[in-house]
Amino acid sequence: MNNAIARTTALLSTCALLLAGCGGGGGPVTVTNSPNTTRNNTATDTTTTTGTSSAAIPIGIAVAQTSNVALLGQEQVAGAKLAEKYFNSKGGVNGTPIKLVFQDTSGDEAGTINAFQTLINKDKVIGIVGPTLSQQAFSADPIAERAKVPIIGPSNTAKNIPEIGDYVARVSAPVSIVAPNSVKAALKQNPQLKKVAVFYAQNDAFSKSETEIFQQTVKDQGLELVTVQKFQTSDTDFQSQATNAINLKPDLAIISGLAADGGNLVRQLRELGYKGLIVGGNGLNTSNLLSVCKALCDGVLIAQAYSPEHPGEINAAFRKSYTEEYKKEPPQFSAQAFAAVQVYVEALQALDKKSKVNKLQLSQLRTELNKQLLVGTYNTPLGEIGFTPTGEVVQKDFYVAQIKMAKDGSQGKFTFLK
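Report on the accompanying structure. (Residues numbered from 1 in each chain as written. Predicted model: local features only at pLDDT ≥ 70, side-chain atom pairs only at ≥ 80, totals over all residues. Heavy atoms only, no water.)

## Some points on the overall build of the protein chain
If you tally the helices and strands in the protein chain, you get 13 helices and 15 strands. Here the protein chain holds 418 residues, and 55% of them are scored as buried. A separation of at least 24 residues holds for 70% of the contacts in the protein chain among residues at least 6 apart in sequence. (Helix = DSSP H or I, 4+ residues; strand = E, 2+ residues; numbered from the N terminus. Buried < 20%, exposed > 50% of the residue type's maximum accessible area, 1.4 Å probe, protein only. Contact = heavy atoms within 4.5 Å.)

Printed below as a string of structure tokens:
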């Protein structure tokens, strides 16, 4: 019996690999009803229809809706949904609406691979926005590359993400450009800074990439790196790392991790008596951090690739929709997800004017769409962006924000520095 089960499992695995390789590329693009239908690959897989019966172009959204990464992924879901609503209200792709198809990647590589394979082979999407983490992108993006399905990373800022393949692009500026800004802002606030303690999540590809940039920036600014402390994104107790660092009397602490672990580390540093400045990396760049470290989040500096105050019609519309829906300012992760969907929509619009997208074979549409999106210029909530031929985002505007909390920790916000 065990041998029979093993043979069956092996056969199913082989079939899955074959499906991933071919990428579901045959036949014309499938347009589906209910452009606002969403689906998750969770145990409660459900389909919701908003009542429209127009045909729609499916775009995959593969982000973390569960696990400790969900604090970031949920913001991406919000931004993508607002984009879907906004662009469909403007006529979609020259009269054809888009439909976002959601798959939950959870927080690991296996969940992301499963989500990508489902979107490519079952849902027949024309492209994918995702995943949330760079660690996940390094594992799952090659699957889309082999299937020749366009990928736009909404928050994958680690080194060498676009180099994964010809079908991989990102709207998230690389950490090498963004991260140094927060260290420079810390020096501006306290020119007497000398000693720096660095903390990073050693099991996360992005955090490992980001900390290299932070550490190089520390050296470039003539500061002393007194310690480098490692942790896991699943950790909740940072007493040892925090105590080791505090004993060396640093003036600045720099944290590369995610919202849950990073927030707990901030809290425990403060509880143990650390009084210096704290710089958080991009994984802490979410208002969901505030509920983790509460009043002790106050003063944390985080570099930004988005500002709610950025001028422009589309950012004004995005900001208005977000604040009306969620009663707070839109965060970077939501803005980047919105921008990624926008790139697909506007690239599809341009492509459709050349040859009707619903007449193209799915494999041909994916290939032509990938070519088109790389040559476009897009006025997004992030500002004007474009892409290099390799899929790297070209962006002009960057910022630094500092968290300001109420004394009781009940509420807080990101205040953008001038």
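So that's the structure; there's more coming.
## Remarks on the side chain of Gln136
Tracing the backbone through its elements, the reader meets Gln136 in helix H4 (residues 134–147). The class of Gln136 is buried, set by a relative accessible area of 0%. Side chain to side chain, Gln136 and Thr112 meet in a polar contact 3.1 Å long. (Polar contact = N/O pair within 3.5 Å; in protein donor to acceptor, adjacent residues only side chain to side chain.)

## Section: the pairing of strand S14 (residues 399–405)
Counted residue by residue, S14 has five buried out of seven residues, so it is predominantly covered. Where strand S10 (residues 301–304) and S14 come together, four bridges link them in antiparallel fashion. Paired with Ala303 across the two strands is Val400, which belongs to S14. As paired elements, S14 and strand S15 (residues 412–416) share five bridges and run antiparallel to each other. Bridging from a neighbouring strand, Met405 pairs with Gly412 of S15. What sits between the antiparallel neighbours S14 and S15 is a turn of six residues, in which Gly409 has the positive phi angle 75°. (Pairing = 2+ DSSP bridges.)

## As for the environment of Leu71
Tracing the chain through its elements places Leu71 in helix H2 (residues 70–89). On the accessibility criterion, Leu71 (22% relative accessible area) is partly exposed. With 218 residues separating them in the primary sequence, Leu71 and Leu289 have C-alpha atoms 8.0 Å apart. In this view, Leu71 contacts Ala259, Ala260, Thr286 and Asn288; residues no more than four positions away in its chain are not counted.

## Things to note about empty space enclosed by the protein
Inspection of every chain in the model, using the stated rule, returns two cavities of 30 Å³ or more. The calculated volume of the largest cavity comes to roughly 120 Å³. When contributions to the lining of the largest cavity are tallied by element, the ones reaching two or more residues are helix H5 (175–178), helix H7 (205–220), S10 and helix H12 (332–354). Looking at side-chain class alone, the lining of the largest cavity contains nine nonpolar, eight polar and one charged residues. Around the second largest cavity, the lining residues are Leu72, Thr132, Leu133, Ser134, Ser155, Phe206, Leu258, Asn282, Gly283 and Phe333. Across the lining of the second largest cavity, the residue classes break down as five nonpolar, five polar and no charged. (1 Å grid on protein atoms, 1.4 Å probe; cavity = no way out; pocket = protein on both sides within 12 Å on 5 of 7 lines; lining within 4 Å. Points joined across faces, edges and corners; volume = space filled by probe spheres on them. Nonpolar A, V, L, I, M, F, W, Y, C, P; charged D, E, K, R; others polar.)

## A few points about the pattern of salt bridges
Side chains bearing opposite charge may pair, as long as their charged atoms lie close to each other. Within the structure shown, the criterion is met by seven salt bridges. Here Glu392 makes a salt bridge to Arg170, at a shortest N to O gap of 2.7 Å. In this pair, Glu392 is assigned in the loop between strand S12 (383–387) and strand S13 (393–395) and Arg170 in strand S5 (residues 168–170), connecting sequence segments 222 residues apart. Here Arg170 falls in the buried class, since its relative accessible area comes to 1%. Ionic pairing is found between Glu324 and Lys320, a salt bridge with its closest N-O pair at 2.7 Å. Of the two residues, Glu324 and Lys320 both sit in helix H11 (residues 313–326), four residues apart, roughly one turn of that helix. With a relative accessible area of 44%, Glu324 lands in the partly exposed category. (Salt bridge = Lys/Arg side-chain N within 4 Å of Asp/Glu carboxyl O.)

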